[in-house]
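# Chain and residue survey
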Amino acid sequence: MIDPHKTTVTIIGTGYVGLTTAVLFAQAGFKTYALDIDEGRLDSIRSGKSFFYEEGLDPLINESVNNGSLIPTNSYGVCIPESQFVFSCVGTPDKPDGSTNLDFIFQAAMSALDNMNAESVYVQKSTVPVGTGRKIEKLFLDAKKTIRYVSNPEFLREGSALGDSLYGDRMVFGGDNKEAVKAVRQLYEVTLGKRSEIMSLARLSVINDVETRYIETSLESAELIKVTANAFLALKISFANSIAKLADQTNADILEVMDAVGADKRIGGAFLNAGRGYGGGCFPKDVSGLISSAAKHGVDLAIMTAVSDVNASMPKYIANKLLHEFGSLGHKKIAVLGLSFKTGTSDARRSPGVALANILAHEGGLVKVFDPQANEEAASDLRREILLTDSIDEAIKGCDAVCIATDWNEFKEYNLETYAQLTRKCVFVDCMNVFDAKKVRSTGMKYIGVGRR
Ligand code: UGA
């Protein structure tokens, strides 16, 4: 087994995936460099903090930086030459045409290449289209370097990054060099061996009885597994949303429908929650990236185009419910609570809550918004006339409608009577179907869900 005290790892890119991975390796005892060109991010890590909100991460960063196992740096020349493992965790944003922008991927590989020694393993954790790994291998070969390449896609979710990393259902390792694949796998076996201690230090609940499956595949399979998994989850959500629209027309209740449908183990109940659709830095771009990469290989993934279209329709579908209710949104006061793309994160990228707020404002509504974590990150995506507020009370006061767009506990646990009092019995739009409709109605408010009877 690999010896953490004789092993150095560099993680290129300190976003969600990179910083979480770096901290976990550092906690397992590996000397771990967190490499980034963004000085703001590095300063934040140096001060023992993450630049984004993720439960449990800060205590781990703080401890690892203090004990010297996690070293933030901006210099490839400092960290790469002494690293046996170099992980690429840089961003893969989408281009305007939906295809994946691989500029950072190739820049990172090129910069690492100059400083890597022949025995090192280059590990790709960023989500890349199938075929990318071969291109990087060729780049290394052309430079006459025998660096071994392994694809090790990430399956963590924002908001539960540590738990997902340490207790995931599976880990995937793809590559031609079986020794390199085995070595990368061992990094994780050592790290997961310490998962209870790490969770305790992060002040998160230790999970028992989870067996993580280690899956070794070809390079191309590993690349395709990652995007396929995300695409399938997105498909489940859009499927549930399509059926929710039918439920709305037929007096069926989507919660009852999907509860029973998901009870079939062949289908499974996860990711069948209908609502305002998916957002974030992964599903939207991974779906469009998959469509575009398939098209380059002559394959028409019409099913994923439909998934993307259904998803894009959801914020407007919800706004239309209010239009139907009021006739016009002109001068209607509407609060949108929830700007992060989901609970537990400050990330507001492609946020359905932001999309909904913008549509309501565009339709003439006087829109106020609030999020417990994402106000700052959402601000630049909101239309200028939308008012950002600092509390639920401030956002909802005097409103004709309140839309709950993210299922933060703050919103779910807020007293329903107070929602009703401060709004003089508004229309209550449960964009994620997380409230008990009867209880909402009992306060005198009108309840609107997505596919709810
Ligand atoms: C997703 C995947 O779940 C991770 O496995 C993957 O590693 C990650 O992308 C990635 O590629 O990096 P994430 O985007 O953090 O993780 O968030 P999810 O929890 O999957 O939620 C995505 C969106 O779907 C959210 O907007 C959420 O509110 C929405 N959603 C989820 C629904 O609308 N309905 C559901 O039933 C479930």
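What counts, and at which threshold
Residues numbered from 1 in each chain as written. Predicted model: local features only at pLDDT ≥ 70, side-chain atom pairs only at ≥ 80, totals over all residues. Heavy atoms only, no water. Helix = DSSP H or I, 4+ residues; strand = E, 2+ residues; numbered from the N terminus. Rg over C-alpha atoms; globule rule 2.2 N^0.38 Å. Buried < 20%, exposed > 50% of the residue type's maximum accessible area, 1.4 Å probe, protein only. Areas by Shrake-Rupley, 256 points an atom, 1.4 Å probe, with all protein chains shown as cover. Lys, Arg positive; Asp, Glu negative; His and termini not counted. Charge placed at Lys NZ, Arg CZ, Asp CG, Glu CD. Axes fitted to C-alpha atoms, helices over the stretch in contact; angles between N-to-C directions. Parallel < 35°, antiparallel > 145°, perpendicular 65-115°, else oblique. Contact = heavy atoms within 4.5 Å. Nonpolar A, V, L, I, M, F, W, Y, C, P; charged D, E, K, R; others polar. Pairing = 2+ DSSP bridges. Right-handed = clockwise from strand over helix to strand, strands pointing away. Near = heavy atom within 4 Å. Polar contact = N/O pair within 3.5 Å; in protein donor to acceptor, adjacent residues only side chain to side chain. Salt bridge = Lys/Arg side-chain N within 4 Å of Asp/Glu carboxyl O. Disulfide = S-S within 2.5 Å. Phe/Tyr/Trp six-rings, centres within 6.5 Å; stacked < 30°, edge-to-face > 60°. Arc of directions from axis to C-beta. Core = buried A, V, L, I, M, F, W, Y, C linked by side-chain atoms within 4.5 Å.

## Considerations on the overall build of the protein
Of the regular secondary structure elements, the protein holds 19 helices and 14 strands. At 23 Å, the protein has a C-alpha radius of gyration in line with the 22 Å of a compact globule built from 453 residues. For the protein, the spread of C-alpha atoms along the three principal axes comes to 70 × 50 × 45 Å. Scored against the burial criterion, the 453 residues of the protein give a buried share of 55%. Carbon and sulfur atoms make up 52% of the accessible area of the protein, which totals about 19800 Å². The protein carries 50 positive and 56 negative side-chain charges, and their two centres are separated by 3 Å.

## Looking at the packing of helix H6 (residues 132–142) against helix H10 (residues 219–250)
H10 packs onto H6 with a crossing angle of 135° between their chain directions and a minimal axis gap of 8 Å. As the angle between them shows, H6 and H10 are arranged oblique. Here Thr132, Gly133, Arg134 and Glu137 of H6 come into contact with H10, specifically with Leu219, Glu220 and Glu223. Looking at the contact of H6 with H10 residue by residue, the classes come out as one nonpolar, two polar and four charged.

## Section: the sheet that holds strand E13 (residues 427–430)
If you trace the six strands from one edge of the open sheet to the other, you get E11-E10-E9-E12-E13-E14, paired in parallel fashion. The two strands at the open ends of the sheet, each matched to only one other strand, are strand E11 (387–388) and strand E14 (446–448). In terms of strand pairing, strand E9 (residues 333–337) meets strand E12 (residues 401–404) through four bridges, oriented parallel. Following the sheet pairing, valine 336 is matched in E12 by cysteine 403.

## Re the pairing of strand E5 (residues 121–124)
With burial as the criterion, each face of E5 is covered, one bearing Val121 and Val123 and the other bearing Tyr122 and Gln124. In this sheet, E5 lies alongside strand E4 (residues 85–88) in parallel orientation, the contact comprising four bridges. When the bridges of E5 are listed, valine 86 appears paired with tyrosine 122. Note that the unit made of E4, helix H5 (residues 103–115) and E5 has a crossover that is right-handed. Of the strand pairs in this sheet, E5 and strand E6 (residues 148–151) are connected by four bridges, and their pairing is parallel. Bridge pairing in E6 links valine 123 to valine 150. Taken together, E5, H6 and E6 constitute a β-α-β crossover, and its handedness is right-handed.

## Looking at the site of the ligand
Of all residues adjacent to the ligand, which total 22 residues, the nearest are Phe155, Leu156, Glu158, Lys226 and Asn230. The separation between an oxygen atom of the ligand and a polar main-chain atom of glutamate 154 is 3.3 Å. Within the side chain of arginine 276, a nitrogen or oxygen atom sits 3.1 Å from an oxygen atom of the ligand. Relative to its unbound accessible area of 720 Å², the ligand is 91% covered by the protein chains.

## Quick notes on unusual backbone geometry
The backbone phi angle of arginine 424 is positive, close to 50°, even though this residue is not glycine. Its identity is not glycine, yet asparagine 433 carries a phi of approximately 55°, on the positive side. Examined against the element boundaries, asparagine 433 turns out to sit in the loop between E13 and helix H19 (437–442). Classification of asparagine 433 by relative accessible area gives buried; the value is 7%.

## Quick look at the pattern of salt bridges
With the rule as written, the count across this model stands at 25 salt bridges. Residue aspartate 248 pairs with lysine 321 through a salt bridge whose shortest N-O separation is 2.8 Å. One end of the pair, aspartate 248, is in helix H10; the other, lysine 321, is in helix H13 (residues 302–326), and 73 residues separate them in sequence. Residue glutamate 385 pairs with arginine 383 through a salt bridge whose shortest N-O separation is 2.8 Å. Connected through salt bridges with shared partners, the residues Arg134, Glu137, Asp176 and Glu220 form a single ionic network.

## Topic: the state of the cysteines
By definition, a disulfide links the sulfur atoms of two cysteine residues through a covalent bond. Tallied over the entire structure, the rule returns zero disulfides. Left unpaired, cysteine 399 is separated from the closest cysteine sulfur, that of cysteine 426, by 7.6 Å. Free cysteine cysteine 403: the closest other cysteine sulfur is in cysteine 431, separated by 4.9 Å. For cysteine 403, a relative accessible area of 0% translates into the label buried.

## A word on the packing of aromatic side chains
Considering all chains together, one arrives at 15 aromatic pairs under this definition. Taking the centre distance of 6.3 Å and the plane angle of 65° together, the rings of phenylalanine 370 and phenylalanine 411 count as edge-to-face. A residue pair is termed long-range when its members are at least 10 positions apart, and phenylalanine 370 in strand E10 (residues 366–370) and phenylalanine 411 in helix H17 (residues 409–413) qualify at 41 residues. By the burial criterion, phenylalanine 370 is buried, and phenylalanine 411 matches it. Members of the aromatic cluster, joined through ring pairs, are Phe25, Phe30, Phe87, Phe173, Tyr188 and Tyr214.

## Overview of helix H2 (residues 39–46)
Since there are 3.6 residues in each turn of an α-helix, residues three or four apart along the chain are aligned in direction. Every buried residue belonging to H2 is among Leu42, Ser44 and Ile45, and all of these are buried. Here the buried residues of H2 occupy an arc of 160° about the axis, which is enough to place them on one side. Elements that come into contact with the buried residues of H2 comprise helix H1 (16–27), strand E2 (31–35), helix H3 (57–66) and strand E3 (70–73). A side-chain oxygen of the first residue of H2 lies 2.9 Å from the backbone nitrogen of glycine 40; this N-cap is aspartate 38. Directly beyond the C-terminal end of H2, a positive phi value near 85° is found at glycine 48.

## A short note on the environment of alanine 247
In this fold, alanine 247 is placed in helix H10. Residues alanine 247 and valine 123, spaced 124 residues apart in sequence, show a C-alpha to C-alpha distance of 46 Å. Residues contacting alanine 247, with those up to four places away along its chain left out, are Ala252, Ile254 and Gly451.

## As for the nonpolar core
If you look at the biggest cluster of nonpolar residues, it comprises 44 residues, and the most contacted ones within it are Leu70, Phe85, Phe87 and Val184. The dominant element in this core, judged by the number of residues it contributes, is helix H8 (residues 178–192), at eight residues. In this structure phenylalanine 87 touches Val9, Thr10, Ile11, Ile12, Phe25, Val123, Lys125, Asn152, Val184, Leu187 and Tyr188, once residues within four positions along its chain are discounted. Counting 37 residues, the second-largest nonpolar core is a separate cluster that includes Ile254, Ile318, Val369 and Leu382.

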